[in-house]
Amino acid sequence: MTKVEEFEELRPLLFSIAYRILGSVAEAEDAVQETWLRFDASTTRPVSVKSFLSATVTRIAIDVLRSARVRREKYVGPWLPEPLLHDPYQDPARAAELADSVSMAALLLLERLSPLERSVFVLREVFAFGFDEVASAVGRSEAACRQLLVRARRHMEAGRPRFEAGRQERQALAERFFEALSQGDVDGLQRLLSADVQLVGDGGGKAPQLAKVLVGAESVARLLAGVHPLMARIDITFEPHEVNGQPGAVFRDRDGRILHALALDVLDGQIQTIRSVINPDKLGHLGPVADAWAVDREVKRTRRQTR
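The model shown is predicted, which means the values in this text are computed figures rather than measured ones. (Residues numbered from 1 in each chain as written. Predicted model: local features only at pLDDT ≥ 70, side-chain atom pairs only at ≥ 80, totals over all residues. Heavy atoms only, no water.)

Q: When you look at the packing of helix α1 (residues 3-22) against helix α2 (residues 25-41) in this model, what are you seeing that I'm missing?
A: The description of two packed helices rests on the angle between their axes and on the distance between the axes. Relative to each other, α1 and α2 sit at 140°, their axes nearing to 8 Å. Judged by the sense of rotation from one axis to the other, the crossing of α1 with α2 is right-handed. Where α1 approaches α2, its residues K3, V4, E6, F7, R11, L14, F15, A18, Y19 and L22 are matched on the opposing element by V25, E27, A28, E29, A31, V32, T35, W36, F39 and D40. Each residue belonging to the contact of α1 with α2 can be placed in one class, and the counts come to 13 nonpolar, one polar and six charged. (Axes fitted to C-alpha atoms, helices over the stretch in contact; angles between N-to-C directions. Helix = DSSP H or I, 4+ residues; strand = E, 2+ residues; numbered from the N terminus. Left-handed = near helix turned anticlockwise from the far one by under 90°. Contact = heavy atoms within 4.5 Å. Nonpolar A, V, L, I, M, F, W, Y, C, P; charged D, E, K, R; others polar.)

Q: Got a minute to help me understand helix α7 (residues 131-138) in this structure?
A: Helical geometry note: an α-helix holds 3.6 residues per turn, so side chains three or four residues apart project in the same direction. Taken together, the buried positions of α7 are occupied by F131, V134, A135, A137 and V138. End-on view of α7: buried residues confined to an arc of 165°, all on one side of the axis. Among the structural elements, α3 (49-73), α6 (115-126) and α8 (142-159) are those in contact with the buried residues of α7. Once α7 finishes, G139 follows within two positions and takes phi at roughly 70°, a positive value. (Buried < 20%, exposed > 50% of the residue type's maximum accessible area, 1.4 Å probe, protein only. Arc of directions from axis to C-beta.)

Q: I keep staring at a positive patch on the surface and nothing clicks. Help me out?
A: On the surface, R297, R301, R304 and R307 cluster together into a patch of positive charge. Position of R301 relative to the elements: it lies in helix α12 (residues 292-306). R301 gets classed as partly exposed once you look at its relative accessible area, which sits at 39%. (Patch = residues over 30% accessible without salt bridge, like charges linked within 9 Å, V, L, I, M, F, W, Y side chains within 5 Å. Areas by Shrake-Rupley, 256 points an atom, 1.4 Å probe, with all protein chains shown as cover. Salt bridge = Lys/Arg side-chain N within 4 Å of Asp/Glu carboxyl O. Lys, Arg positive; Asp, Glu negative; His and termini not counted. Charge placed at Lys NZ, Arg CZ, Asp CG, Glu CD.)

Q: So what exactly am I meant to see when it comes to the side chain of R20 here?
A: As for its placement among the helices and strands, R20 is situated in helix α1. Judged by its relative accessible area of 0%, R20 is buried. Separated by 3.1 Å, the side chain of R20 and the backbone oxygen of S16 make a polar contact. What R20 contacts, discounting residues up to four positions off in sequence, is D87, L98, S101, V102, L107, L110, R118, V122, V126 and F127. (Polar contact = N/O pair within 3.5 Å; in protein donor to acceptor, adjacent residues only side chain to side chain.)

Here is the structure:
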């Protein structure tokens, strides 16, 4: 194969590694592009192209993550990963690990790790690279990488939910949730939510967002049931869709532009967390983005008219 063909064959893997390290579609795509430039400029052929490219994209992602963390400390409101509708890398032998590792809950847990811990965990636990390859990628000894993995596992396991629903159960619960949402059914929504459910919105100061994380089944159900019928009146629609490997939906304005993406965490038969990304900077890779401020004004105007 030519260099281009070898690279394109591995592009899905490289993106998936970078996205899990960075939590950003745009930054992951940039890291993959930079990896290609370095590969194309290289005059020597690596023994393993896969190992070489995976190590290169990992090092680039680590450098990007270190600078990104400074920006995230100044972020307005809760920070959520950029929503991913399709993971380009598929491996039937590791389907469960891949799906779990791309969820928003898992990516937020990864945020607690140092860049090196995060990279070691992603390469070893998610993609099953050998410790020799992991060590080469992060520039540490195999022994040091084993210690980094131990610490990373400890942090991840401490934060993981104790009970996890199967795919069919999650999907069935999500269908009931979106049906109740469409009908503005407060009681129906409340029955599907855990008592301490959280509604988290990420507007980044660039779109309307909750003043704080909303907690509690009654509060969350009443807010959702009150707002959605108003949005439907102004032709806001939604399409159920997996978001980061979990049940969710993409909301659009009357012109089909992306308003926000919503993901559900289903645990022990109930919805535990609802995460909504409305920051326009995080939605551009999904298509044309709606003017969320204009939608918000129209919703408020509709509410006044219906009183």
